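Tertiary structure, described
Residue strings, one per chain:
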Protein chains: 2
Amino acid sequence: MSSCQTVADPRVQALVNDLIGRVADKWTMLILDVLAEQGTLRFTQIGTAVPGISQKMLTQTLRQMERDGLITRTIFPVVPPRVEYALTDLGLGLGAAFCGVWLWAEANLQRIDVARTAFDARAAV
Amino acid sequence: MSSCQTVADPRVQALVNDLIGRVADKWTMLILDVLAEQGTLRFTQIGTAVPGISQKMLTQTLRQMERDGLITRTIFPVVPPRVEYALTDLGLGLGAAFCGVWLWAEANLQRIDVARTAFDARAAV
């Protein structure tokens, strides 16, 4: 059982662990954040807004997020074809759940920097 | 700027994004959860409690978590040497921040299952 969950059924726990394994991923989290902030976006716009993501990883993550029901993918029959991505209610909910992690990161940047410097100093001895 | 953050400084945002990239990782999240639930544990106990993690990934993730100040690593000078891991206050805080994601996963298991089934049916057409 997770330290913050109430369900004791081990089958449910295994499913939750699997799901966490899928969504607890930095690219999913960064894409969710960009779509929550900027609304509907095209593929190339998401790529620009998420620094460091490769085209392959962007394609793969968007497809997985669509499969999980976190985003919609709308294809407009124009030339050249236009494809737009937007969060579903489910995706918005996960974005909101991740807020706690963003706020934690923002609040603890300095403490982590201090910890890393101390660790590296010990490792160098 | 993140959809749930207040800081507009782009340098701070870049640091927060880097940090999210480090901690938004399923192994970090699963190890945090096990230590939050069970308290101080030895290496092999963590490996048993986190299904599917390889020894290499466990070593690597624990070392990174120690460097980030999320866990302490205590070595007892006995034969054979005993090494124990425990959460710091910083790690406890991150574990608490991840609670929202665990609860979201638990609450939305069925909706995601329905979304996946629908996606796979469309893909098979």
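Summarised in this report is the structure supplied together with it. Source: prediction; values computed, not measured.

If you rotate chain A by 180° and push it 0.0 Å along the axis, it lands on chain B with an RMSD of 0.0 Å. As the rotation angle and translation indicate, the two copies are arranged about a two-fold axis.

Interfaces are often sized by the accessible area lost when the parts come together. Across the boundary between the two partners, chain A contributes 45 residues, which contact 45 residues of chain B. The set of elements that each furnish at least two residues to the side of chain A that touches chain B consists of helix H1 (10–23), helix H2 (26–38), helix H4 (55–67) and helix H5 (89–124) of chain A. For the side of chain A that touches chain B, the element with the most residues is H5 of chain A, which contributes 21 residues. For the side of chain A that touches chain B, the residue count by class is 25 nonpolar, ten polar and ten charged.

Residue and element names in this part refer to chain A. The residue Thr44 is located in helix H3 (residues 43–49) in this model. According to the C-beta neighbour criterion, Thr44 is exposed, with 11 such atoms within 10 Å. Between the C-alpha atom of Thr44 and that of Val125, which follows or precedes it by 81 residues, the distance is 46 Å.

This part covers the sheet that holds strand E2 (residues 71–76) of chain A. Strands sit in the order E1-E3-E2 (chain A) across an open sheet of three strands; the sheet is antiparallel. Edge positions in the sheet fall to strand E1 (41–42) and E2 of chain A, since each of these pairs with one other strand and no more.

This paragraph deals with H1 of chain A. Residues that lie three or four places apart on an α-helix share one face, since the helix turns once every 3.6 residues. In this model, H1 of chain A (14 residues) spans 20 Å end to end at C-alpha, consistent with the 20 Å of a helix rising 1.5 Å per residue. By the burial criterion, the buried members of H1 of chain A are Val16, Leu19, Ile20 and Val23 of chain A. All buried residues of H1 of chain A lie within an arc of 105° about the axis, which places them on one face of the element. The exposed residues of H1 of chain A that point more than 90 degrees off its buried face are Pro10, Arg11 and Ala14 of chain A. Among the structural elements, H2 and H5 of chain A together with helix H2 (26–38) and helix H5 (89–124) of chain B are those in contact with the buried residues of H1 of chain A.

Criteria and thresholds
Residues numbered from 1 in each chain as written. Chains lettered and ligands numbered in written order. Predicted model: local features only at pLDDT ≥ 70, side-chain atom pairs only at ≥ 80, totals over all residues. Least-squares fit on C-alpha atoms with pLDDT ≥ 70 in both. Contact = placed C-beta atoms within 7 Å. Helix = DSSP H or I, 4+ residues; strand = E, 2+ residues; numbered from the N terminus. Nonpolar A, V, L, I, M, F, W, Y, C, P; charged D, E, K, R; others polar. Buried ≥ 20, exposed ≤ 12 C-beta atoms within 10 Å, placed from the backbone. Pairing = 2+ DSSP bridges. Expected span 1.5 Å × (residues − 1). Arc of directions from axis to C-beta.

None of the figures reported here should be taken as evidence of function without further support.
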